[in-house]
Amino acid sequence: MKPHTLKIAIPGAASSYDILSGNGILSGAGAWARKCLGRDTQRLAIFSNPTVNDLYGDMLTKSLRSAGFSVTTFLMRDGERYKTLRTVEAALAKFADEGIKRGDAVIALGGGVVGDTAGFAAACHLRGVRFLQVPTTLLAMLDSSVGGKTGVNGPGGKNTIGAFHQPAGVLIDTATLATLPERELNAGFYEAVKHAMLAGGEVLANTRHALDSREPKRLLTMIRSGVEFKAAIVAGDEREDSKKRDSHSRKVLNLGHTFAHALEKVTNYRKFLHGEAVGYGLLYAAEISKSLDLIDKNDINLLYDVARGVGSLPPLASIDPQEVIEAFRFDKKTHAGSLEMVLLKGIGKPVIVAADKIPQNTHAAAFRRLLEMQ
Ligand code: NAD
Ligand code: GLY
């Protein structure tokens, strides 16, 4: 399949950027970065981790140098638990030492952890330098690299410290998925299922095709349609306006995330991969939607069918339901004391519901249902 460019233009914001996707295009990253950044940019800081840098760092560095950039590399430790202010501080010290200037840029090479942390460090350095995203996990390709949410985990929970900072460009090379462990690929598929449940139609069909046969062409088609769906939502509501509650609100992209973030927080970000927690979050949202009579049985069955196609999730049995439900209130989507949850009226029909409209016993019952399914 030929490389393809999707433009994301955010009305009223300075940001408009291209998302280039293809199979085997990383070696051309230098020319791409030059096009995104312009000819005056001299210095680039690659922001990665040792795992990804060992695999793709040389190829990226070589290509960037051949396009005339001088390149330095900052490596954070690998793992969600290092998505912290301490890591950002270390990166900022490196950028200062290396003389990264306002016209220079940061380039994130890795999964969502690297992308979120690198983007936030770029937003902070000298009050904001440009950054590029080169996602190397399925989750980062179809979700986190697009849309400009950057940040780290803080005392209040997951992603509670951050900034909206749109990238200057995104390069998605599905050839890098060849080295991604299967568990990580599956975790990414849960974010794809999230897009499929929110969008329905072609996004759902492409996700099902990719689940049937995980060949690169089908993965690329699924990624492109998921990214296109997300880009349209982001273009209409870049900053997730707290007053917006319709089905085009950016909040809908948080389907499954209230539960997921709580699950990650109570397990210290160690037991579940983010995508796996989202997998449980989708099932949880489906159960609540069912209890409130929002969604019909056929759509519930379809959701379960697609989710089952991804594979099994790590067991929930050792988790205290009350602790998870308590952790909801730390979720960053709490505004003025009222938590909102994204639920489904059907496939392709998200709805935002105030949590105080959901009876407490509905939460406990939904958790019990998830335990029964183990
Ligand atoms: P991750 O970044 O931890 O990457 C998963 C693992 O795969 C890591 O060990 C990494 O080193 C390794 N890896 C990455 N690419 C590889 C490759 N090509 N080959 C072999 N190994 C590779 O996890 P993730 O699932 O990519 O991202 C999860 C993060 O994304 C979470 O912190 C979540 O909050 C965030 N996220 C952000 C947004 C957003 O809009 N900003 C959206 C969704 C998720
Ligand atoms: N992943 C949620 C968002 O980008 O808004």
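Up top is the structure these notes are about.
What you see is a predicted model, and the numbers here were worked out from it, not measured in a lab.

The next thing to look at is the site of ligand 1. The full set close to ligand 1 counts 28 residues, and Glu80, Lys83, Thr136, Thr137 and Thr179 are the nearest of them. At 2.6 Å, a side-chain N or O of Thr137 approaches an oxygen atom of ligand 1. One nitrogen or oxygen atom from the side chain of Lys158 is found 2.9 Å from an oxygen atom belonging to ligand 1. Isolated, ligand 1 exposes 870 Å² of accessible area, and the fraction of that covered by the protein chains is 91%. Among the elements of the structure, helix 2 (50–66), helix 4 (112–124), helix 5 (138–144), strand 8 (157–164) and helix 6 (182–199) are those that each provide at least two residues to the shell around ligand 1. In terms of residue count, helix 2 provides more of the shell around ligand 1 than any other element does, four residues in total.

What follows concerns the pattern of salt bridges. In total, this model carries 19 salt bridges according to the counting rule given. Notably, a salt bridge pairs Glu80 with Lys158, separated by 2.5 Å at the nearest N-O pair. On the criterion of sequence distance, the pair formed by Glu80 in the loop between strand 4 (70–75) and helix 3 (85–97) and Lys158 in strand 8 is long-range, its members being 78 residues apart. For Lys230, the salt bridge is made with Asp143, and the minimal N-O distance between the two is 2.6 Å. With Lys230 in helix 8 (residues 216–236) and Asp143 in helix 5, this pair connects stretches of sequence that are 87 residues apart.

Take the nonpolar core next. Core analysis: the biggest nonpolar cluster contains 77 residues, and Ile19, Phe189, Met197, Phe259, Leu263 and Tyr284 have the highest contact counts within it. Here this core takes nine residues from helix 10 (residues 274–291), the largest share from any one element. Met197 has contacts with Leu204, Leu255, Leu303, Val306, Leu344, Gly346, Ile347, Gly348 and Lys349, leaving out every residue within four places of it along the chain. One finds Ala29, Ala33, Ala105 and Val134 within the second-largest nonpolar core, a separate group that totals 21 residues.

Moving on to the site of ligand 2. The immediate surroundings of ligand 2 are formed by Asp143, Lys149, Lys230, Arg250, Leu253 and Asn254. Between ligand 2 and Lys149 there is a distance of 2.8 Å, counted from an oxygen atom to a side-chain nitrogen or oxygen. Arg250 is positioned such that a nitrogen or oxygen atom in its side chain is 2.7 Å from an oxygen atom of ligand 2. Protein burial of ligand 2: of its 200 Å² of free accessible surface, 88% is covered by the chains. Class assignment of the residues belonging to the shell around ligand 2 gives a composition of one nonpolar, one polar and four charged.

Our next topic: helix 9 (residues 257–266). In terms of burial, helix 9 is largely enclosed, as eight of its ten residues are buried. Restricting attention to buried positions, one finds in helix 9 the residues His257, Thr258, Phe259, Ala260, His261, Ala262, Leu263 and Glu264. Residue Asn268 follows helix 9 closely and has a positive phi angle near 55°.

The rules behind each value
Residues numbered from 1 in each chain as written. Chains lettered and ligands numbered in written order. Predicted model: local features only at pLDDT ≥ 70, side-chain atom pairs only at ≥ 80, totals over all residues. Heavy atoms only, no water. Near = heavy atom within 4 Å. Polar contact = N/O pair within 3.5 Å; in protein donor to acceptor, adjacent residues only side chain to side chain. Areas by Shrake-Rupley, 256 points an atom, 1.4 Å probe, with all protein chains shown as cover. Helix = DSSP H or I, 4+ residues; strand = E, 2+ residues; numbered from the N terminus. Salt bridge = Lys/Arg side-chain N within 4 Å of Asp/Glu carboxyl O. Core = buried A, V, L, I, M, F, W, Y, C linked by side-chain atoms within 4.5 Å. Buried < 20%, exposed > 50% of the residue type's maximum accessible area, 1.4 Å probe, protein only. Contact = heavy atoms within 4.5 Å. Nonpolar A, V, L, I, M, F, W, Y, C, P; charged D, E, K, R; others polar.

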